[in-house]
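Observations on the model geometry
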Amino acid sequence: MKFIINIGFFLLVEIAGFSQNNAEGQVLVAVSQFNTHVRAKNAPMAWGMLSADSKKYFNQILQTAKTAKKEVVQNLPLLDKFFVLSLRHNMSDAELKAASSYKVMQTLLDSKGMSMPTFTATGMKVVVNGTKAYLTPAAEKNSLIQMPLTFENNAWKLDFAGAMQHTTAVFGKSMGNGAQTDALVLQLLKQATAKAPDESIWVPVL
């Protein structure tokens, strides 16, 4: 259960002893900086290091949390469902109605149990292909954990949307989607917040 909660948010990487003069080093610097902001729960700085697609993803999660009926939420991929229900569980109806996509990330940062395992630089593999880069544990094949990055506005940005797509594709094969995962997600939310969700978690606010 703890592992599933852990995969719910960002890849945090401890970086040491690398050059910033090459693309691989620049990618590791970006992830290290993002790691620092997440650990400090510095939402403004972390938000600024996300790709445009990531910000669109958060907005999509927010709109789903605000408007989706139970049967729609039940059929979301597991991690999307977890994020949508996390927002409903952690925010009042008024807060959710007024929330922006930035607030989604801030809420997830402030939620208990939202973290990723840490890795040393020597345990990571960086692949750079033009404006795209991928960071994965070097020792694992077909790893569940993959952090894509994209080069936008002269800086490497973390592609959280791409990370969720990858994790869903790999993780979904073993866990499935749909109503069969409802009990699992509700249990994870209870463990993360020490508060059991009630039936109102399935009711949209708009």
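Note that the structure is predicted; figures quoted are calculated from it, not measured. (Residues numbered from 1 in each chain as written. Predicted model: local features only at pLDDT ≥ 70, side-chain atom pairs only at ≥ 80, totals over all residues. Heavy atoms only, no water.)

Details of the overall build of the protein
Rule in force here: The helix count covers DSSP runs of H or I at least four residues long, the strand count covers runs of E at least two residues long, and both are numbered beginning at the N terminus. Exposure is judged per residue with a 1.4 Å probe applied to protein chains only, and the accessible area is read against the type maximum: over 50% gives exposed, under 20% gives buried, and values in between give partly exposed. Should any heavy atoms of two residues lie within 4.5 Å, those residues are considered in contact. The Shrake-Rupley method, run with a 1.4 Å probe sphere, supplies the accessible areas, and residue values consider only the shown protein chains as cover.
The helix and strand tally for the protein stands at ten helices and six strands. Evaluated residue by residue, the protein yields a buried proportion of 50% over its 206 residues. Counting contacts in the protein only where the partners sit at least 6 residues apart, residues at least 24 apart contribute 64% of the total. Here the protein displays about 9800 Å² of accessible surface, and carbon together with sulfur accounts for 51% of that area.

Describing the packing of aromatic side chains
For any pair of aromatic rings, the description rests on two quantities: the centre-to-centre distance and the angle between the ring planes. Applicable threshold: Each Phe, Tyr or Trp ring, with Trp reduced to its six-membered ring, pairs with another whose centre is within 6.5 Å; inter-plane angles below 30 degrees give stacked pairs, above 60 give edge-to-face pairs, and intermediate values give tilted ones.
Throughout the structure, instances matching the rule amount to eight aromatic pairs. Between the aromatic rings of tryptophan 47 and tyrosine 102, the centroid separation amounts to 5.7 Å while the plane-to-plane angle is 90 degrees, which identifies the pairing as edge-to-face. Pair noted here: tryptophan 47 is in helix H3 (residues 43-48) and tyrosine 102 is in helix H8 (residues 101-110), with a separation of 55 residues, a long-range link. The exposure class of tyrosine 102 is partly exposed, given its relative accessible area of 23%. Ring geometry for phenylalanine 58 against phenylalanine 160: centres 5.2 Å apart, planes inclined by 5 degrees, an arrangement best described as stacked. Placement of phenylalanine 58 in helix H4 (residues 52-67) and of phenylalanine 160 in helix H9 (residues 160-175) is noted, with a sequence separation of 102 residues between them.

Section: the packing of H4 against helix H6 (residues 78-90)
To keep it simple, the criterion reads: Lines fitted to the C-alpha atoms define the axes, with helices restricted to the stretch that makes contact. Angles between their N-to-C directions range from 0 to 180 degrees. Oblique is the label for every angle not falling under 35 degrees (roughly parallel), over 145 degrees (roughly antiparallel), or within 65 to 115 degrees (roughly perpendicular). Note on convention: near helix rotated counterclockwise from far helix by under a right angle means a left-handed crossing. Clockwise means right-handed. Any residue that is not Ala, Val, Leu, Ile, Met, Phe, Trp, Tyr, Cys, Pro, Asp, Glu, Lys or Arg is counted as polar, Gly included; the first ten are nonpolar and the last four charged.
One can describe the packing of H4 onto H6 by two numbers: an axis separation of 9 Å at closest approach and a directional angle of 60 degrees. If you check the angle between H4 and H6, you find them oblique. Judged by the twist between their axes, the crossing of H4 over H6 is right-handed. Along the contact surface, H4 presents Tyr57, Ile61, Leu62, Thr64, Ala65 and Thr67, while H6 presents Asp80, Phe83, Val84, Leu87 and Arg88. Among the residues making up the contact of H4 with H6, the classes are represented as seven nonpolar, two polar and two charged.

A look at the layout of surface pockets
Once rolled over the atoms, a probe with the size of a water molecule shows which space is left empty. Rule in force here: Cavity means a closed set of points on a 1 Å grid over the protein atoms alone, one where a 1.4 Å probe fits but cannot get out, pocket means an open set with protein on both sides within 12 Å along at least 5 of 7 lines, and lining means a residue has an atom within 4 Å of a point. Grid points are joined across faces, edges and corners, and a volume is the space filled by probe spheres set on the points.
Of the pockets and cavities examined, the largest pocket occupies roughly 170 Å³. Lining the largest pocket we find 13 residues, and of these Arg88, His89, Asp198, Ser200 and Ile201 sit closest to its centre. The set of elements that each furnish at least two residues to the lining of the largest pocket consists of H6 and helix H7 (93-98). Here the lining of the largest pocket is composed, by residue class, of seven nonpolar, two polar and four charged.

Examining the sheet that holds strand E5 (residues 147-152)
Counted only if it meets this: At least two DSSP bridges between two strands are needed for those strands to be called paired.
Pairing is antiparallel across the open sheet formed by four strands, whose spatial order is E3-E4-E5-E6. The open sheet terminates on both sides in strands that have one partner only, identified here as strand E3 (124-129) and strand E6 (155-158). Strand-to-strand twist in this sheet, taken as the mean axis angle between neighbours without regard to direction, amounts to 25 degrees. The pairing of strand E4 (residues 132-137) with E5 spans four bridges and is antiparallel. Residue pairing across strands places tyrosine 134 opposite proline 148, the latter belonging to E5.

Here we look at the pairing of E4
Bridge analysis of E3 against E4 gives six bridges, and the strand direction is antiparallel. Note that in E4 the partner of valine 126 across the bridge is leucine 135. Counted between consecutive antiparallel strands, the loop separating E3 from E4 contains two residues, among which glycine 130 sits at a positive phi close to 65 degrees.

Some remarks on the side chain of aspartate 182
Inclusion rule: Polar contacts, as counted here, are pairs of nitrogen or oxygen atoms within 3.5 Å of one another; within protein the pair requires one atom able to donate a hydrogen and one able to accept it, and residues that are adjacent in sequence qualify only if both atoms are side-chain atoms.
Turning to its location among the elements, aspartate 182 is positioned in helix H10 (residues 182-193). According to the relative accessible area criterion, aspartate 182 is buried, its value standing at 9%. For aspartate 182, the side chain forms a polar contact with the side chain of glutamine 74, separated by 2.7 Å.

A closer look at the pattern of salt bridges
Stated formally: The rule for a salt bridge is simple: a side-chain nitrogen of Lys or Arg has to be within 4 Å of a carboxyl oxygen of Asp or Glu.
This model, assessed by the stated rule, comprises two salt bridges. Note that lysine 70 is salt-bridged to glutamate 199, the shortest N-O span being 3.9 Å. Of the two residues, lysine 70 is situated in helix H5 (residues 70-74) and glutamate 199 in the segment after H10; the sequence distance between them amounts to 129 residues.

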